[in-house]
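# Coordinate inspection notes
Below are the chains, spelled out letter by letter.
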Amino acid sequence: MVRIVAVRCALAACAAAVVLSALPALGADAYPTRPIRIIVPFTPGTLDVLARSIGQKLAEKYGQTIVVENRPGAGTNIGTEAVVKAAPDGYTLLLISAANTINATLYERLNFNFIRDIAPVAGLIRGPLVMEVHPSVPARTVPEFIAYAKARPGMINMGSAGNGTPGHMSGELFRMMTGLDLVHVPYRGGAPALTDLLAGQVQVMFDNLPTSIEYIRAGKLQALAVTTAARSDMLPDLPTVSEFVPGYEVSSWFGLGAPASTPADIVDKLHAEISAALADSRLRTRIADLSSVPLPLSPRELSTLIVAETEKWAKVIKFSGAKAE
């Protein structure tokens, strides 16, 4: 009797397999069938423009609504954790950035491991920060600033948007590579830091170029260099820090990620559409308006960048002793 039941079960399993094989695959071919969310782990602002621009291109291609949702807090960790815990089905994506690679070391306890728990999907953009000083500082080049600061150890205030922010880390990397004794002054956000730089309360700052560029053009701030390996088209005559401090490089970069275990065919489909979007001339114009350039990285290339940046910032955080606020 047991043998008869086993045979019947085997026959039923075979029949089910035949039926399933006749159905269309429910993978990337069917995706997406409902709205997709892009979680932006920052307060509403410039980054919404990037996320919505990418979302618009995906919506045009897929015929589905792309919802951009801001989930700020804890230095991007709240939004990141929300995506980590989301279903790995391609319907919840994360705007990832250098902040994620900094936080891996800056925070002693996180409820996730970014490298393990987020699957890279595609690179989006890369842009520079700008090293700038108040006009009262008698330095117009990076070498002049280094000489000026070395003659005044512990007397030059370096403002930032807060502990562990990319601007702070850019300054700490500069300190580590030049041996300068600068006093870090953290603020609660970039706006108050920039206000005090304009007033001369702090003397130097590493800021996002779009935020400072009008003050630089108006002569209210003195730009010394950009932090990327290549010069910026927005200020083509401005040198890079690495022209004077070999090996120095900091980028404000962004990409898209998804929960780990998201099917590879869905990740590949998203990457292909995003890469096509980054080649669109209208989107490139919007990216240029953000003082950035396209960063069309594959999932593997983005993963390599994430690992390298995590290792780099771990060394800088150890050197500086930076702690999360």
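For the structure, see preceding data.
Residues numbered from 1 in each chain as written. Predicted model: local features only at pLDDT ≥ 70, side-chain atom pairs only at ≥ 80, totals over all residues. Heavy atoms only, no water.

### Examining the overall build of the protein
To keep things clear, this is the line we draw: Each helix corresponds to a stretch of at least 4 residues labelled H or I by DSSP, and each strand to a stretch of at least 2 residues labelled E; elements are numbered beginning at the N terminus. Exposure classes here rest on a 1.4 Å probe applied to the protein chains alone. A residue is buried below 20% of its type maximum, exposed above 50%, and partly exposed in between. Note on contacts: a residue pair is in contact if any heavy atoms of the two residues lie within 4.5 Å. Values of accessible area rely on a 1.4 Å probe in the Shrake-Rupley scheme; residue burial ignores everything except the protein chains shown. We treat Lys and Arg as the positive residues and Asp and Glu as the negative residues; His and chain ends play no part in the count. Each charge is placed at NZ for Lys, CZ for Arg, CG for Asp and CD for Glu.
Broken down by element type, the protein carries twelve helices and eleven strands. Relative to its full complement of 325 residues, the protein shows a buried share of 48%. A separation of at least 24 residues holds for 78% of the contacts in the protein among residues at least 6 apart in sequence. Element-wise, carbon and sulfur atoms account for 57% of the exposed surface of the protein, whose accessible area totals about 15,100 Å². Treating the 29 positive side-chain charges of the protein as one cloud and the 28 negative ones as another, the clouds have centres 5 Å apart.

### Here's the deal with the sheet that holds strand β1 (residues 36-40)
Heads up, the condition is: Two strands qualify as a pair provided that DSSP identifies no fewer than 2 bridges between them.
As summarised here, the arrangement of the six strands in space is β2-β1-β3-β10-β4-β11, forming an open sheet in which the pairing is mixed. The outermost strands of the open sheet, each flanked by one partner alone, are β2 (66-70) and β11 (293-294). Examined bridge by bridge, strand β3 (residues 92-97) and strand β10 (residues 252-259) share four bridges and lie antiparallel to one another. Residue pairing in the sheet places leucine 95 in a bridge with leucine 256 of β10.

### Brief notes about the packing of helix α7 (residues 166-178) against helix α12 (residues 299-320)
Heads up, the condition is: Inter-axis angles, ranging from 0 to 180 degrees, are taken between N-to-C directions of lines fitted to C-alpha atoms, where helices are fitted over the stretch in contact. Here is the rule for angles: anything less than 35 degrees is roughly parallel, anything more than 145 is roughly antiparallel, 65 through 115 is roughly perpendicular, and the remaining ranges are oblique. Classification convention: Asp, Glu, Lys, Arg as charged; Ala, Val, Leu, Ile, Met, Phe, Trp, Tyr, Cys, Pro as nonpolar; all other residues, Gly among them, as polar.
Running from N to C, α7 and α12 point in directions that differ by 75°, and their axes come no closer than 10 Å. Taken together, α7 and α12 sit at an angle that is classed as roughly perpendicular. The segment α7 lies against α12, with Met169, Ser170, Glu172, Leu173, Arg175 and Met176 engaging Lys312, Trp313, Lys315, Val316, Ile317, Phe319 and Ser320. Broken down by class, the residue content of the contact of α7 with α12 amounts to seven nonpolar, two polar and four charged.

### Details of the pattern of salt bridges
Our working definition: A side-chain nitrogen of Lys or Arg and a carboxyl oxygen of Asp or Glu constitute a salt bridge if their distance falls within 4 Å.
Counted under the stated rule, the structure contains 14 salt bridges. In this structure, glutamate 69 engages arginine 71 in a salt bridge whose closest nitrogen and oxygen atoms are separated by 2.5 Å. The class for arginine 71 is partly exposed, based on a relative accessible area of 28%. Residues joined in a network through salt bridges with shared partners are Arg126, Glu249, Glu309 and Lys312.

### Some remarks on helix α3 (residues 77-84)
Taking burial as the measure, the eight residues of α3 include six buried ones, the bulk of the element. Buried within α3 are the following residues: Asn77, Gly79, Thr80, Glu81, Val83 and Val84. On the buried face of α3, the contacting elements are β1, β3, α4 (98-106), α5 (114-117), β4 (118-127) and β10.

### Some words on the packing of aromatic side chains
Within a pair of aromatic rings, the relevant descriptors are the distance that separates the centres and the angle that separates the planes. Note the following rule: Pairing of aromatic rings covers Phe, Tyr and the six-membered ring of Trp, with a centre-to-centre limit of 6.5 Å; geometry is then stacked below 30 degrees between planes, edge-to-face above 60, and tilted otherwise.
Across all of its chains, the model carries six aromatic pairs by this definition. The interplanar angle of 70° and the centroid separation of 6.0 Å between the aromatic rings of tyrosine 31 and tyrosine 62 together place this pair among those described as edge-to-face. Taken together, the positions of tyrosine 31 in the loop between α1 (2-22) and β1 and tyrosine 62 in helix α2 (residues 46-62) put the pair 31 residues apart, joining distant regions of the chain. As far as burial versus exposure is concerned, tyrosine 31 and tyrosine 62 are alike and both buried. The structure contains a cluster of three or more aromatic residues connected by ring pairs, namely Phe145, Phe174, Phe206 and Tyr248.

### Points about the sheet that holds strand β8 (residues 204-208)
Adjacent strands of a sheet form backbone hydrogen bonds with each other and so pair up, either parallel or antiparallel. Judged by pairing direction, the sheet is mixed, and its five strands sit side by side in the order β7-β6-β8-β5-β9 without closing on themselves. Only two strands of the sheet have a single partner each, and these edge strands are β7 (182-186) and β9 (222-226). For this sheet, the mean inter-axis angle between neighbouring strands, taken without regard to orientation, is 30°. Pairing of strand β5 (residues 129-133) with β8 involves five bridges; the strand directions are antiparallel. From the neighbouring strand, leucine 129 faces β8, where its bridge partner is asparagine 208. Contacting β5, β6 (156-160) and β8, helix α8 (residues 190-199) crosses the sheet at an angle of about 140° to β8. Along the sheet, helix α9 (residues 209-217) contacts β5, β8 and β9; its crossing angle with β8, the most-contacted strand, is approximately 120°.

### Focus: unusual backbone geometry
Of note, the amide linkage connecting tyrosine 31 to proline 32 takes the cis form, showing an omega dihedral of -5°. Positive phi values are uncommon outside glycine, yet serine 261 reaches one of about 75°. If you trace the backbone, serine 261 turns up in the loop between β10 and α10 (264-278). Among the residues examined, serine 261 registers a relative accessible area of 66% and is labelled exposed.

### A closer look at the pairing of β4
Burial within β4 is extensive, with nine of its ten residues counted as buried. The sheet contact formed by β4 and β10 spans eight bridges and is antiparallel. Bridging across to β10, alanine 119 finds its partner in alanine 258. The pairing of β4 with β11 spans two bridges and is antiparallel. Directly across from arginine 126, in β11, lies its bridge partner valine 293.

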